[in-house]
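Working through the structure, step by step
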Amino acid sequence: MIATKGYAADNATDPLHPFNFERRDVGPHDVYFEILYCGVCHSDLHYVQNDWGNANYPLVPGHEIVGKVLQVGTHVTKFKIGDLAAVGCLVDSCQECDNCEKGLEQFCRNELIATYNSYNKHTGGFTYGGYSNQIVVDEKFVLHVSEKLPLQAVAPLLCAGITTYSPLRHWKVGKGHRIAIVGLGGLGHMAVKFAASFGAEVTMISTSPEKEKDAKKLGAHHFALSKDPEQVKALQNNFDFIFDTVSAPHDYNQYLNMLDTDGIMICVGVPPAPTEILGFNLLRNRRSIVGSIIGGIAETQEMLDYCAEHNIVSEVEVIPMNYINDAYRRMLKSDVKYRFVIDMATL
Ligand code: NAP
Ligand code: ZN
């Protein structure tokens, strides 16, 4: 076993604190790498606070992981010592079911293992995530990242990137489409970048007036405030897609009403409470509401390669590990521009 340092939450309310634990020994198919940076996703905070009622403590969050390979197992073919390596939200799946075979490991029918908070068959406890100095992962779930891009700004692509890229590709968002991105945070800012890069006309809908300038710099063509009834009214029946990244409870009906004929509302945010939808808001204009969760391994690699080719990275605020509890407080106030990334050298 490999002695490892990290940061953990013990319960839903106390601050995260330093925590020592062990990674498994490097198996024949494993890649063992030093974690250099780890992004801070709002899902980390939902888990820590037990917002979804499924947290397993002690909980070491972090699923936007990039670093450098220290050692590889005897059967590893894709990586060698010194390579850059990355891991997102998944570290294992059954690799046999129809969904795994289609590259949809996120929908594995048998044995999906998330990077943290899942049962860990190797140690008997739970998986521990990227708020730590090193990790051991089956090479099938390890991604290559480009040496060309700033590594700290690549980390958020492993969750915020793939979570926005995958549904935009699945629903073929591009030229000739009008899309509204709701919520300018970690996911929202990547959605703006990808949607603009794919050729869509992008409107940012935010609760934060001060984010307008940034939204336009990121690639949004228009900006609207969701708290201003006049601006909301002007957007009725106006979009082919709504892309909802909001982390807190909010009124979905307000956005459904902005969809034009056959419009689709894509939800990736996971507020901790159920929401009510008025039937008429779906019926009118034959609207749909759909969801999406991260993306498969091959598609994650495709997204990373697309980003390298098109020079797309996340806008990050690099923080030391011991700032994490402050970062969470700021995240709850929508004060993130636009992803916190932990510099693991500070652990
Ligand atoms: P984030 O960085 O905190 O951004 C969320 C944004 O939502 C905020 O910056 C804010 O933007 C907006 N917002 C916050 N509270 C709001 C409210 N009460 N009403 C309206 N807008 C509000 O969070 P994130 O990391 O992007 O994650 C967003 C959500 O996606 C979380 O629920 C997370 O768990 C989920 N998620 C899902 C997946 C998936 O696979 N589907 C993957 C990762 C994360 P403005 O200031 O612009 O209003
Ligand atoms: Zn995430």
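Here the structure is a predicted model, which means the values were calculated and not measured.

1. Remarks on the sheet that holds strand β12 (residues 239–244)
Taken together, the 6 strands give an open sheet; going across it, the order is β11-β10-β9-β12-β13-β14, and neighbouring strands pair in parallel fashion. Edge positions in the open sheet fall to β11 (222–225) and β14 (288–291), since each of these has one partner strand only. Going from strand to strand, the sheet's axes swing by 20° on average, the running direction of each strand aside. Sheet topology note: the strand β9 (residues 178–182)/strand β10 (residues 201–206) ladder contains 5 bridges and is parallel. Considered in β10, the bridge of Ala180 is made with Thr203.

2. Description of the coordination of the zinc ion (ligand 2)
Within the protein, the atoms that donate to the zinc ion (ligand 2) are Cys41 (SG), His63 (NE2) and Cys159 (SG), at distances of 2.0 to 2.2 Å. Here the donor residues of the zinc ion (ligand 2) are spaced in sequence according to C-x21-H-x95-C. Of the two residues, Cys41 sits in the loop between β3 (30–40) and α1 (42–48) while Cys159 sits in the loop between α3 (151–154) and α4 (160–170), which places them 118 residues apart along the sequence. In this pair, the class of Cys41 matches that of Cys159, namely buried.

3. As for the packing of α4 against helix α5 (residues 186–197)
It is at 8 Å that the axes of α4 and α5 come closest, and there the two elements cross at 45°. As the angle between them shows, α4 and α5 are arranged oblique. The element α4 and its partner α5 pack so that their crossing is right-handed. Where α4 abuts α5, its residues Ala160, Gly161, Thr163, Thr164, Tyr165 and Leu168 lie against Gly186, Leu187, Met190, Ala191, Phe194 and Ala195. Considered class by class, the residues forming the contact of α4 with α5 number 8 nonpolar, 4 polar and no charged.

4. Regarding the domain arrangement of the protein
What the domain assignment reports for the protein is domain 1 (2–159 + 295–346) and domain 2 (161–291). A separation of 27 Å is found between the C-alpha centroids of domain 1 and domain 2. The interface of domain 1 with domain 2 comprises 23 residues on the first partner and 23 residues on the second. With both chains or domains summed, domain 1 and domain 2 bury close to 2,000 Å², and 58% of this area falls on carbon and sulfur atoms. When residues of domain 1 are sorted by the area they lose upon contact with domain 2, Cys159, Tyr306 and Tyr338 head the list and together hold 30% of the total. The partner of Lys193 in a salt bridge is Glu315, with the nearest N and O atoms 2.5 Å apart. Where domain 1 touches domain 2, the interface holds 17 residue pairs in polar contact (both at pLDDT 80 or more). For the side of domain 1 that touches domain 2, the element with the most residues is helix α10 (residues 297–310), which contributes 6 residues. Residue composition of the side of domain 1 that touches domain 2, by class: 11 nonpolar, 6 polar and 6 charged.

5. Section: a nonpolar patch on the surface
A cluster of nonpolar residues, Leu278, Phe280 and Leu283, forms a patch on the protein surface that exposes about 350 Å² of accessible area. One can find Leu283 in helix α9 (residues 279–283). The class for Leu283 is exposed, based on a relative accessible area of 60%.

How each quantity is defined
Residues numbered from 1 in each chain as written. Chains lettered and ligands numbered in written order. Predicted model: local features only at pLDDT ≥ 70, side-chain atom pairs only at ≥ 80, totals over all residues. Heavy atoms only, no water. Pairing = 2+ DSSP bridges. Helix = DSSP H or I, 4+ residues; strand = E, 2+ residues; numbered from the N terminus. Axes fitted to C-alpha atoms, helices over the stretch in contact; angles between N-to-C directions. Donors = N, O, S within 2.8 Å, 3.2 Å for Na, K, Ca; no water. Buried < 20%, exposed > 50% of the residue type's maximum accessible area, 1.4 Å probe, protein only. Parallel < 35°, antiparallel > 145°, perpendicular 65-115°, else oblique. Left-handed = near helix turned anticlockwise from the far one by under 90°. Contact = heavy atoms within 4.5 Å. Nonpolar A, V, L, I, M, F, W, Y, C, P; charged D, E, K, R; others polar. Domains from an automatic or database assignment. Buried area = accessible area lost by both parts, 1.4 Å probe. Salt bridge = Lys/Arg side-chain N within 4 Å of Asp/Glu carboxyl O. Polar contact = N/O pair within 3.5 Å; in protein donor to acceptor, adjacent residues only side chain to side chain. Patch = residues over 30% accessible without salt bridge, like charges linked within 9 Å, V, L, I, M, F, W, Y side chains within 5 Å. Areas by Shrake-Rupley, 256 points an atom, 1.4 Å probe, with all protein chains shown as cover.

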